[in-house]
Amino acid sequence: MYNKQLKKIALLLIIGSFAVTSSAQEGLVTLLKIGENPYTINDKAALEVESTTKGFLLPRMTKQQRDAIATTPPVGLQVWCLDCDGTTVPASGQLCVYMGTYWAPIKLVVPSCSLTTGNISSASNSPAPVRVSATSATISGKLEEVSSNLPTETGIVWKEIIGTDFASLPFLDALGAATVPVYKTQGSTVTTVATVFSVNIPTLTSTTSNKSPYYFRTYAKTAAGIEYGNPIVFSCDAYPVMSDPVVTRGTTANPTFAGTLTVNAGTPQSSITEYGYYSGGTSSPITNKVVLGFGTSFAALNADAFTANPKLNIAVNNYVNSGGGTVFFRFYAVVSGTPVYSSTVSIALEANAICDGTASTFFLPVTSPTTAKIWMDRNLGASRVATAINDNYAYGCLYQWGRGNDGHASIAWTSSTAGTASATTTTVATTDTPGNASFILSSDDWVSPLNNNLWQGISGVNNPCPSEYRIPTSAEFTAETAITNSTTAYSSVFKLPAPGGRMSSSGSLYNTSSNGIYRTSTSTASTSGGGITAYFLNIASGSAVLQANGGRAYGFSVRCIKN
């Protein structure tokens with residue numbers, strides 16, 4: 001007994017030798033430090049333990065030993081409970097702190113429950129949220145883990161998301177009460193792992209007439225406090241908004257319309273059943289309906305956690321105005337069984353044939369029943385497929401042989417017999433690319449020296465046709481035996497109109513609405529003013545003849561063929 005007392009006194013003396021006493025107005029304060037570097041001490045700590053090679057070891061005991069410490073342990077007392085995590089000694093255990101009326105386990109994984117993403121194929125998920133009405137929903141959760149502190153209450157805590165406030169999650173206070181704008185709905189108390197519970201929320205309180213989405217979270221209240229599951233965003237009322245169509249190609253031929261469908265974050269995919277557009281030649285009613293997609297196109301619109309209102313961008317590229325004149329257009333979507341519309345816009349289809357490289361000609365391929373060759377369904381530069389022999393919307397551009405899309409062939413057709421063509425010049429080009437948009441006046445060729453290799457094949461110099469297409473040869477045109485005159489040319493699958501031509505000497509238009517004169521890539525030994533000419537197909541009311549009696553500086557139509 002005497003030796004034990006000496007050791008105890010010695011230990012106190014050693015500790016005391018590392019004590020630092022500081023004076024203050026309140027009196028003397030003793031600061032104690034144990035461990036390495038005893039001559040420096042943090043003056044904010046009553047006791048400091050310092051080591052870079054050792055740790056601080058709490059008393060270690062079983063749950064039974066912990067509970068036997070005293071009938072009323074002091075609040076804040078800490079021990080390491082060896083079997084408080086439900087395992088047997090010598091398990092890893094957990095840290096416990098006495099809170100005044102109970103021991104609270106401190107661990108990384110706490111008793112909790114979570115909301116799901118609606119993916120019922122996953123074993124860790126519970127059923128997806130269910131929309132009951134625009135103001136009510138059934139939310140399900142699942143208790144994922146329990147410990148020595150079983151839940152005494154489980155349920156749903158929720159709040160409305162106003163505007164873009166996705167950062168503020170719903171919480172209860174320390175006693176488990178909800179304060180507006182946070183609400184809670186208590187469910188049946190669940191204490192068994194993997195048990196699913198459902199809570200029906202009959203009235204979702206809203207400041208925006210239920211047009212906003214909501215945050216939902218499960219909660220589990222235990223003696224240790226309140227734990228929460230993962231939040232989800234869910235909307236009972238999809239509140240879709242369709243933006244006004246925007247014409248992205250101005251008033252040129254084949255415009256592109258663009259719009260955006262916006263729905264609330266958390267809108268179920270099943271709420272959107274289809275989307276598309278209406279168009280027509282009159283503003284009311286617009287009768288031509290085109291479905292662009294169905295609900296499966298909205299794969300991202302599920303009950304997952306969003307941080308913004310999801311949007312679907314809708315575009316109608318190169319709209320084909322088969323009726324000509326003015327077209328009226330609006331987008332639509334069907335959401336929760338109710339159609340929602342954009343406003344209606346109108347656009348006048350122009351007969352401008354623009355071939356300057358700024359915009360390609362929209363077209364569809366057509367297959368010849370005679371040769372099985374694939375051709376464009378309209379002339380190069382045309383606004384649409386011809387609706388008549390003299391349809392000026394279908395005339396297109398008039399090309400000098402061998403020139404590219406430099407603007408010289410562009411014409412703003414004002415009627416079936418008239419139009420404003422590109423400017424002219426008498427300066428003959430000295431290269432294959434003149435570098436200007438002027439129609440070059442010449443009795444022979446627009447370039448000197450001439451080049452017979454222009455327009456030869458899909459990779460030919462100055463090929464003006466779209467990708468994979470080229471100027472047809474004379475043999476390919478004459479092989480289309482169904483084309484015998486202007487009537488059969490129009491009634492055929494090619495719908496060839498009669499734009500006429502443009503004079504090489506003056507640049508004026510001629511034979512408009514009576515003749516269709518179409519370029520080929522084939523040159524010939526025939527001369528005009530001393531130069532080599534090229535073949536063209538001249539389609540008139542009583543014939544369709546391959547000719548080569550004009551200079552290359554004339555302006556004729558082009559109908560491209562697939563290579």
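Residues numbered from 1 in each chain as written. Predicted model: local features only at pLDDT ≥ 70, side-chain atom pairs only at ≥ 80, totals over all residues. Heavy atoms only, no water.

### Here's the deal with the overall build of the chain
1) Next: Counting its regular elements, the chain contains four helices and 39 strands.
2) Next: Counting the 563 residues in the chain, one finds 44% classified as buried.
3) Next: Sequence separation of at least 24 residues holds for 60% of the intrachain contacts in the chain that already meet a minimum separation of 6.
4) Next: Surface summary for the chain: the accessible area is close to 26,500 Å², and the carbon and sulfur share equals 56%. (Helix = DSSP H or I, 4+ residues; strand = E, 2+ residues; numbered from the N terminus. Buried < 20%, exposed > 50% of the residue type's maximum accessible area, 1.4 Å probe, protein only. Contact = heavy atoms within 4.5 Å. Areas by Shrake-Rupley, 256 points an atom, 1.4 Å probe, with all protein chains shown as cover.)

### Some details on the sheet that holds strand S29 (residues 411-413)
1) Next: Taken in spatial order, the three strands make up an open sheet running S26-S29-S30, and their pairing is antiparallel. A single partner strand is all that each edge strand has here, and the edge strands are strand S26 (352-353) and strand S30 (419-421).
2) Next: For S29 and S30, the ladder comprises three bridges, and the chain directions are antiparallel. Residue pairing across strands places Ile 411 opposite Ala 421, the latter belonging to S30. (Pairing = 2+ DSSP bridges.)

### Some words on the pattern of salt bridges
1) Next: Summed over all chains, the structure comprises 12 salt bridges.
2) Next: For Lys 184, the salt bridge goes to Glu 153, with nearest N and O atoms at 2.8 Å. Here the residue Lys 184 occupies a position in strand S12 (residues 182-186), and Glu 153 occupies one in strand S11 (residues 153-160), the gap between them amounting to 31 residues.
3) Next: The residue Asp 391 makes a salt bridge to Arg 384 at a minimum N-O spacing of 3.0 Å. Across the pair, Arg 384 and Asp 391 agree in class, each one buried.
4) Next: In the salt-bridge network here, residues are joined through shared partners; they are Lys 33, Glu 48 and Glu 50. (Salt bridge = Lys/Arg side-chain N within 4 Å of Asp/Glu carboxyl O.)

### Here's the deal with the confidence of the model for the chain
1) Next: Considering every residue of the chain, the mean pLDDT works out to 80; 81% of them sit at 70 or more.
2) Next: When the criterion is pLDDT under 50, residues 1-17 qualifies, and its contacts beyond four places in sequence or with other chains add up to one contact.
3) Next: Low pLDDT, under 50, characterises residues 108-124; the stretch is placed with 58 contacts to residues that sit more than four places away or in other chains. (pLDDT = per-residue confidence, 0-100.)

### So, the pairing of strand S15 (residues 225-228)
1) Next: Of the two faces of S15, the one lined by Ile 226 and Tyr 228 is fully buried and the one lined by Gly 225 and Glu 227 carries no buried residue.
2) Next: With four bridges joining them, strand S14 (residues 214-222) and S15 adopt antiparallel strand pairing. Among the inter-strand pairings, Lys 221 is bridged to a residue of S15, identified as Ile 226.

### Some details on a nonpolar patch on the surface
1) Next: A contiguous nonpolar surface patch, about 430 Å² in accessible area, is contributed by Ile 34, Leu 47, Val 49 and Phe 56.
2) Next: Mapped onto the secondary structure, Ile 34 falls in strand S2 (residues 27-35). (Patch = residues over 30% accessible without salt bridge, like charges linked within 9 Å, V, L, I, M, F, W, Y side chains within 5 Å.)

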